[in-house]
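# Understanding the architecture of this molecule
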Amino acid sequence: FHPFQSISLQSTGYTHAGFDGFSIQDIDLRINKGEVIFLTGGNGSGKTTLLNVLTGLYPRSSGIICINEQELPVLLPQQYRELFASVFTDFFMFDQPFGLDKQGMKVFEEWLNKLNVRDQFTGDINDLRKVELSTGQRKRVALALALAEQRPILVLDEWAADQDPDTRRIFYEEIIPTLRKEGTTIFAITHDEQYFHCCDRHLHIIEGRLSKVVDS
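Residues numbered from 1 in each chain as written. Predicted model: local features only at pLDDT ≥ 70, side-chain atom pairs only at ≥ 80, totals over all residues. Heavy atoms only, no water.

## What about the overall build of the protein chain?
The condition that has to hold: By definition, any uninterrupted DSSP run of H or I lasting at least four residues is a helix, any uninterrupted run of E lasting at least two residues is a strand, and each is numbered from the N terminus. It is over C-alpha atoms that the radius of gyration is taken, and the globule rule equals 2.2 Å times the number of residues to the power 0.38. Here's how the labels work: a residue is buried when its accessible area is under 20% of the maximum for its type, exposed when over 50%, partly exposed in between, all with a 1.4 Å probe on protein chains only.
Within the protein chain one finds five helices and ten strands. Taken over C-alpha atoms, the radius of gyration comes to 17 Å for the protein chain, in line with the 17 Å a tight globule of 216 residues would show. Summarising its shape, the C-alpha atoms of the protein chain cover approximately 50 × 40 × 35 Å along the three principal directions. The buried share of the protein chain, taken over its 216 residues, is 50%.

So this is what it looks like as structure tokens:
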């Protein structure tokens, strides 16, 4: 799957287990390398479910998913899932930044500085247990960890919701353009209307269906 060029979902769906389980249906979506896509929708509209299907956390119940025009099985392979770095709303932060080599740790520290949270670490950045962080700061550390993995696709679920206004501005107007220039693909759930101009495409989902596409 390297180099990554595109992902496409064709009539893709997923239904949650249980009686009258919520579902997303007939999702037609193409994501190209280097695109910045924002997704909006009300509570329970299917935003996070779509992210889970896209990243392979939920196996689709219908339709097709292709990577670089190659159709994939229902249980998406590990190589596909490793294309994504993500920060979900219910993210969990381990005691250590597992999986990062020396270069990854260097990138991690660079992003901690760019996100103005490095000074919260009084000791070794390998130890995440001793750091007292607010919710917004924890999400900044989680984003730094995700970016340190240097994967081609970054998926974010309301990342900016707990950030102060200045951090939001830096994220949308400085960090996103930098990542786009480097070729990173970004798929983000957000409701920050004042920054919709920062994306290439704005998608909206209602009751499990992508109902409109707004070019930004």
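This is not the end of the story, as more comes after the structure.
## Thoughts on the sheet that holds strand S1 (residues 6-15)
Stated formally: Two strands qualify as a pair provided that DSSP identifies no fewer than 2 bridges between them. Any two residues having at least one pair of non-hydrogen atoms within 4.5 Å are treated as being in contact. Structural elements are reduced to axes, namely lines fitted to C-alpha atoms, with helices fitted over the stretch in contact, and the angle between N-to-C directions of any two is expressed from 0 to 180 degrees.
Pairing is antiparallel across the open sheet formed by four strands, whose spatial order is S2-S1-S4-S5. At either margin of the open sheet sits one strand with a lone partner, and together these are strand S2 (23-32) and strand S5 (70-71). For S1 and S2, the ladder comprises seven bridges, and the chain directions are antiparallel. Paired with Ser6 across the two strands is Asn32, which belongs to S2. Contacts from helix H1 (residues 47-55) reach S1, S2 and strand S4 (62-67), with the element oriented near 125 degrees to S1.

## What about the pairing of S4?
For S1 and S4, the ladder comprises five bridges, and the chain directions are antiparallel. When the bridges of S4 are listed, Leu9 appears paired with Ile65. Bridging between S4 and S5 involves two bridges; their strand directions are antiparallel. In the sheet register, Ile67 faces S5, and the bridge partner there is Gln70. Turn length for the S4-S5 hairpin, with the two strands adjacent in sequence and antiparallel, is two residues, and the turn residue Asn68 shows positive phi of about 50 degrees.

## A short note on the pattern of salt bridges
Filter applied, for reference: Basic side-chain nitrogens of Lys or Arg form a salt bridge, by our definition, when they fall within 4 Å of a carboxyl oxygen of Asp or Glu.
Here the structure, examined in full by the defined rule, presents eleven salt bridges. Residue Arg118 pairs with Glu109 through a salt bridge whose shortest N-O separation is 2.9 Å. Of the charged contacts in the structure, one is a salt bridge between Lys139 and Asp162, with a shortest N-O distance of 3.0 Å. Of this pair, Lys139 sits in helix H4 (residues 135-148) while Asp162 sits in the loop between strand S7 (153-157) and helix H5 (165-181); the two residues are 23 residues apart in sequence, bridging distant segments of the chain. Take Lys139: its relative accessible area is 4%, and that puts it in the buried class.

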